[in-house]
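Structural overview for review
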Amino acid sequence: MQPDGIVRRRTNAAKSRAAERERGDKIRTQVVIVGAGPAGLLLGRLLENHGVETVILERRSAAYVLGRVRAGVLEQGTVELLERAGVARRLHEDGLVHEGVELRFDGERHRVDFRALAGRTVTVYGQTEVTHDLMDARAASGTATVYEAEQVSLHDFDGASPTVRYVKDGVGHEIVCDFIAGCDGFHGVSRAGVPAAALQTFERVYPFGWLGLMVEKPPFSDELIYANHERGFALCSMRSPHRSRYYVQVPLDERLEDWSDARFWDELRRRLDGETAQRLLTGPALEKSIAPLRSFVAEPMRFGRLFLAGDAAHIVPPTGAKGLNLAMGDVGLLAAGLAEFYEERSEAGIDAYSSRALARVWAAERFSWWMTSLLHRLPDADGFTRRIQRAEFDQLRWSQAAARALAENYTGAFGR
Ligand code: APR
Ligand code: PHB
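Before going into details, it helps to say that this report is about the structure given with it. (Residues numbered from 1 in each chain as written. Chains lettered and ligands numbered in written order. Predicted model: local features only at pLDDT ≥ 70, side-chain atom pairs only at ≥ 80, totals over all residues. Heavy atoms only, no water.)

Here we come to the side chain of Glu-102. Mapped onto the elements, Glu-102 comes out in strand E6 (residues 100-105). Non-local contacts of Glu-102, meaning those with residues more than four positions away in its chain, are made with Arg-109, His-110, Arg-111, Leu-224, Ile-225 and Tyr-226. (Helix = DSSP H or I, 4+ residues; strand = E, 2+ residues; numbered from the N terminus. Contact = heavy atoms within 4.5 Å.)

Below, the discussion takes up the packing of aromatic side chains. For the structure on display, the rule yields 19 aromatic pairs. Centre to centre, the rings of Phe-179 and Tyr-342 are 6.1 Å apart; their planes meet at 90°, and the pair counts as edge-to-face. With a gap of 163 residues between them, Phe-179 in strand E13 (residues 179-182) and Tyr-342 in helix H10 (residues 323-344) connect regions that are remote in the sequence. There is no split in this pair, since Phe-179 and Tyr-342 are both buried. Each residue in the set Phe-114, Trp-210, Tyr-226, Phe-233, Tyr-247, Phe-367, Trp-370 and Tyr-410 is aromatic and connected to the rest through ring pairs, giving one cluster. When the ring centre of Trp-259 is taken as reference, the NZ or CZ atom of Arg-263 above it lies at 3.7 Å. Sitting above the plane of the Phe-341 ring, Arg-345 keeps its charged end 4.7 Å from the centroid. (Phe/Tyr/Trp six-rings, centres within 6.5 Å; stacked < 30°, edge-to-face > 60°. Buried < 20%, exposed > 50% of the residue type's maximum accessible area, 1.4 Å probe, protein only. Lys NZ or Arg CZ within 6 Å of the ring centre and 35° of its normal.)

Attention now moves to the pattern of salt bridges. Per the stated rule, a full pass over the model turns up 30 salt bridges. The closest approach of N and O atoms between Arg-245 and Glu-287, which form a salt bridge, is 2.5 Å. Residue Arg-245 is found in strand E17 (residues 243-251), and its partner Glu-287 is found in strand E18 (residues 285-299); the two are separated by 42 residues along the sequence. Glu-287 shares its class with Arg-245; the two are buried. (Salt bridge = Lys/Arg side-chain N within 4 Å of Asp/Glu carboxyl O.)

With that settled, consider helix H2 (residues 38-48). Of all 11 residues making up H2, 11 are buried, and the element is well covered by its neighbours. Where H2 is concerned, the buried positions are Pro-38, Ala-39, Gly-40, Leu-41, Leu-42, Leu-43, Gly-44, Arg-45, Leu-46, Leu-47 and Glu-48. Each element contacted by the buried residues of H2 is listed here: strand E2 (31-34), strand E3 (54-57), helix H4 (76-84), helix H7 (127-141), E13 and H10.

Taken together, 13 residues are adjacent to ligand 2, and Tyr-226, Ser-237, Arg-239, Tyr-247 and Pro-318 come closest. Contact distances for ligand 2 include 2.6 Å between an oxygen atom and a side-chain N or O atom of Ser-237. Arg-239 is positioned with one of its side-chain polar atoms (N or O) 2.7 Å from an oxygen atom of ligand 2. Against a free-state accessible area of 280 Å², the protein chains account for coverage of 99% of ligand 2. For the shell around ligand 2, the secondary-structure elements that each account for two or more residues are strand E16 (232-240) and E17. Per-element tally for the shell around ligand 2: the top contributor is E16, with three residues. Residues belonging to the shell around ligand 2 are distributed by class as follows: nine nonpolar, two polar and two charged. (Near = heavy atom within 4 Å. Polar contact = N/O pair within 3.5 Å; in protein donor to acceptor, adjacent residues only side chain to side chain. Areas by Shrake-Rupley, 256 points an atom, 1.4 Å probe, with all protein chains shown as cover. Nonpolar A, V, L, I, M, F, W, Y, C, P; charged D, E, K, R; others polar.)

Another point: the packing of helix H12 (residues 383-398) against helix H13 (residues 400-410). Direction vectors running N to C along H12 and H13 enclose 100°, while the axes themselves pass 5 Å from each other. When the axis of H12 is compared with that of H13, the two are roughly perpendicular. Residue-level contacts link Gln-395, Leu-396 and Trp-398 of H12 to Gln-400, Ala-402, Ala-403 and Leu-406 of H13. Of the residues belonging to the contact of H12 with H13, the class tally is five nonpolar, two polar and no charged. (Axes fitted to C-alpha atoms, helices over the stretch in contact; angles between N-to-C directions. Parallel < 35°, antiparallel > 145°, perpendicular 65-115°, else oblique.)

As a further point, take unusual backbone geometry. Cis geometry marks the peptide bond from Glu-299 to Pro-300; its omega dihedral reads -15°. Looking at the secondary structure, you find Pro-300 in the loop between E18 and strand E19 (302-303). Positioned with a positive phi, Glu-148 is a non-glycine residue whose angle comes to about 55°. Summarising the element assignment, Glu-148 is placed in the loop between strand E9 (144-146) and strand E10 (150-155). Residue class for Glu-148 comes out partly exposed when judged on its relative accessible area of 45%. Backbone geometry places Ala-321, a non-glycine residue, at a positive phi of 55°. Within the secondary structure layout, Ala-321 lies in the loop between strand E21 (314-315) and H10. Of the residues examined, Ala-321 reaches a relative accessible area of 15% and is grouped as buried.

Let's shift gears to the packing of H2 against H7. Between H2 and H7, whose axes approach to 9 Å, the crossing angle comes to 40°. With respect to H7, the axis of H2 lies oblique. As H2 packs across H7, the resulting crossing turns out to be left-handed. Residue-level inspection shows Pro-38, Leu-41, Leu-42, Gly-44, Arg-45 and Glu-48 of H2 in contact with H7, the latter providing Gln-127, Thr-131, Leu-134, Met-135, Ala-137, Arg-138 and Ser-141. Each residue belonging to the contact of H2 with H7 can be placed in one class, and the counts come to six nonpolar, four polar and three charged. (Left-handed = near helix turned anticlockwise from the far one by under 90°.)

The next thing to look at is the side chain of His-376. By the secondary structure assignment, His-376 is in the loop between helix H11 (348-375) and H12. With sequence-adjacent residues up to four places away left out, His-376 is seen in contact with Phe-208, Trp-210, Asn-228, Phe-233, Gln-249, Leu-293, Thr-319 and Gln-389.

So, about the sheet that holds E17. Backbone hydrogen bonds are what pair the strands of a sheet, in a parallel or an antiparallel way. Across the sheet, which stays open at both edges, the eight strands sit in the order E7-E6-E15-E16-E17-E14-E18-E21 with mixed pairing between neighbours. The open sheet terminates on both sides in strands that have one partner only, identified here as strand E7 (108-113) and E21. Pairing geometry for E6 and strand E15 (residues 225-229), over four bridges, is parallel. Looking at the pairing, Arg-104 lines up with Ala-227 of E15. (Pairing = 2+ DSSP bridges.)

For the rest of this paragraph, the subject is the environment of Phe-307. With respect to the element layout, Phe-307 can be found in strand E20 (residues 306-308). Judged by relative accessible area, which is 0%, Phe-307 ranks as buried. Between the alpha carbons of Phe-307 and Thr-411 there is a distance of 26 Å; along the sequence they are 104 residues apart. When near neighbours in sequence (up to four residues on either side) are disregarded, Phe-307 contacts Phe-179, Ile-180, Ala-181, Gly-182, Met-301, Arg-302, Leu-334, Leu-338, Ile-350 and Tyr-353.

As structure tokens, then:
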């Protein structure tokens, strides 16, 4: 009996297919999932709970995947999905429920009260932990994940019997399946394998990046702080009551080696007001990195028997904390559609997947673009732009409607 009470047994057919995989034979499964990030792992878990057999192919090692530092601000809908997947025990033990967030503009503060305005909360729980929980659950159920799968290639997904080829330890393999789920992120092979004529893409690349630092020190605030300062954007976040995560906006051509810990802390203090800066607890960086910001959407998210989900289909700037939530939302829709196909032989869910997913994607793209435009020092900004940003901030303070719109979007009220 698994922790979540769901009993799973590997059928003899599944055992023989696993043996075929070992021999490098041409094997068969129902759904091949490319990518073992949060999207791929959650999809595998949800499908398994419906008795749908999957194989996950992941380019990297499990340790490499777990080594990635990614944000984790979970909407209620995402928490509910992880509960349904039976992987929310640690999330409820260690996750931090937040009822609001603080915005700052040149030192002035305004708290947006999620519970009062939208009747919802968010949960701070690192994406790495979500991935860990999903990996553990998959390993416990004995379902197949091939790590360090090389040369993954997709074939015949415009027909009824797509195939996926890969190389593992020098041995070539081919899997015949019913469907392929491309959960292999922005730089994966799934979207790249779609004929250009079948795909329409939309993109904005922002003229700045985020320099992030992780430190084993308690956060000085119970909630997240997003600050628009004349020197640039800053974000004060956290991973736990003992581990904090901070960001400062930097020019795109900035080099990480030019940023000592001391320089980072000094710059962050300058972007916070005096009282806060004094409460800031600093220490040696556990991790430090610079990430670019981009808005990107590929339409549609389905090509015959190939479906794209998560970062493979869309990217949002991290300002709205939407990346993980969008990926989880895609997977919830796709898993329901595929389960309906196998259980009811209905294609209604998979036929509606792309349009339903894209409605949520564009709502999150708009919100993430708006938060990014509101909170960053735009390099080419003239006085007009700066005053519009100030007016947006002031409107949040005097208009409940404006504050409610932010609370609803940040907590994922849209489309749930
Ligand atoms: N073959 C197999 N696996 C691949 C390939 C490939 N050719 N290319 C990429 N992958 C793997 C990556 O190694 C990664 O583990 O696909 C996985 C994609 O995971 P993510 O990039 O985390 O994307 P996703 O699961 O959609 O999660 C989205 O991650 O990047 C953040 O902000 C984003 O929070 C969001 C979340
Ligand atoms: C983070 O904790 O890394 C984080 C939080 C909120 C964001 C972006 C990143 O909007």
